[in-house]
Amino acid sequence: MSNWRITSLRLGELYLPHGGGIMRDPVHCWLVQNGETNLLVDSGMAEIETVRDRLKVDGFGGGHDALRRELGREGLTPDDINYVVLTHMHFDHADNLDLFPGACVVVQRQELFAAIDPVPSQRIFYWKSSIANLQERKRPVALRLVDGDVDLLPGIRLLSVPSHTEGMQVVVVTTDKGRAAIVSDLGDHYRYWYPADARATDKPQRSLSGAFLTGNIRSESERTWQAAMQHVLVNTDIVIPAHDFRIPMRIPEQWFAIPDSTEGDLAHIPPPADAGKIAS
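Residues numbered from 1 in each chain as written. Predicted model: local features only at pLDDT ≥ 70, side-chain atom pairs only at ≥ 80, totals over all residues. Heavy atoms only, no water.

Enquirer: Would you mind going over the layout of surface pockets in detail, with residue names and values included?
Expert: The calculated volume of the largest pocket comes to roughly 730 Å³. In terms of lining residues, the largest pocket is bounded by 29 residues, among which Leu16, Asp25, Asp188, Tyr192 and Ile217 are the most central. Mapped onto the lining of the largest pocket, the elements with two or more residues apiece are β1 (5–18), β2 (21–33) and α5 (190–193). If one sorts the elements of the lining of the largest pocket by residue count, β1 sits on top with four residues. (1 Å grid on protein atoms, 1.4 Å probe; cavity = no way out; pocket = protein on both sides within 12 Å on 5 of 7 lines; lining within 4 Å. Points joined across faces, edges and corners; volume = space filled by probe spheres on them. Helix = DSSP H or I, 4+ residues; strand = E, 2+ residues; numbered from the N terminus.)

Laid out in structure tokens, this is it:
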């Protein structure tokens, strides 16, 4: 069995208010393969029309069509996926599960509990459709609930990192060049991981050397979040944030700890004129 490869699948974008402008946040999931097993990390968001209706947030893409299209580019269909590992169950990471009735969905037990009874500020991010899909799955063939750090498969380790959500987990993948962590929303842009480095952010903060930025959407304290990020860094070689345009699209072919430019945040940049065409 060979080491694993990671392909980032870009499913669409969300346009989020940011500093008086709009920040374009790409929505990804990740195809992880070793020649024998096809594993998907996260399953993306619903079609943008549904997101717009529920959250009043614009964007493009998402839904079954986007996920089928991206898998098709890799020569796969949803039926070829053996595992779906959910980093957490927010709407932009855990929709479309009905595409994978034959796969085993893997999630931290605490995250399922959090989705059923979330902290009040996160109620809007957990959708009943994702919860219902998990509840309808038969254990252990179609659903595996894990507790804490777990070796899921040879070369695939799950790290429990309560932070953004109570049951957040990071997927660490062993590749030919080292261990790559799909960190999701534990730090969804490079600037959260390297806030003092001008390569990661256009506003480096020297006071944060050796520390991290933490997000505003959280279930835990800042100290707990900082500890979670440190736990990841000591167990991996590079991180892959969820919503940064600059992430490697193929690993190990592309391999870098910090990108060379700060263009990936794209705050205040208008959506592309062909967004509707891309979505279709």
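Enquirer: Tell me what's going on with the nonpolar core, and back it up with residues and numbers.
Expert: The biggest cluster of nonpolar side chains holds 44 residues, and the ones touching the most others in it are Ile156, Leu186, Trp193 and Val232. Residues in contact with Leu186, not counting those within four places in the same chain, are Val161, Ser163, Met168, Val170, Trp193, Trp225, Ala228, Met229 and Val232. Membership of the second largest hydrophobic core comes to 28 residues, among which are Ala66, Ile81, Leu86 and Ala103. (Core = buried A, V, L, I, M, F, W, Y, C linked by side-chain atoms within 4.5 Å. Buried < 20%, exposed > 50% of the residue type's maximum accessible area, 1.4 Å probe, protein only. Contact = heavy atoms within 4.5 Å.)

Enquirer: Could you give an account of unusual backbone geometry, with specific residues and numbers?
Expert: Across residues other than glycine, the phi torsion is negative in most instances, and most of the peptide bonds are trans. With an omega of 0 degrees, the peptide bond between Arg139 and Pro140 qualifies as cis. Tracing the sequence through the fold places Pro140 in the loop between α4 (128–136) and β7 (143–146). With omega at 20 degrees, the peptide bond leading from Ile251 into Pro252 counts as cis. With phi around 60 degrees, Lys56 is a residue other than glycine that occupies positive phi space. Mapped onto the elements, Lys56 comes out in the loop between α1 (48–55) and β4 (58–61). In this structure Lys56 comes out as exposed when scored by relative accessible area, which is 69%. For Ser184, which is not glycine, the phi torsion reads 55 degrees and is therefore positive.

Enquirer: Tell me about the pattern of salt bridges, and please be specific about residues and values.
Expert: Applying the stated criterion to the full structure yields 11 salt bridges. Salt-bridge contacts for Glu253 lead to Arg5; the nearest nitrogen and oxygen are separated by 2.7 Å. Of this pair, Glu253 sits in the loop between β13 (250–251) and α7 (275–279) while Arg5 sits in strand β1, and the two are 248 residues apart along the sequence. Classification of Glu253 as partly exposed rests on a relative accessible area of 47%. Given a relative accessible area of 30%, Arg5 falls into the partly exposed group. Where Asp237 meets Arg179, a salt bridge forms, and the shortest distance between an N and an O atom there is 3.5 Å. Here the residue Asp237 occupies a position in the loop between α6 (222–233) and β12 (238–241), and Arg179 occupies one in strand β11 (residues 178–184), the gap between them amounting to 58 residues. (Salt bridge = Lys/Arg side-chain N within 4 Å of Asp/Glu carboxyl O.)

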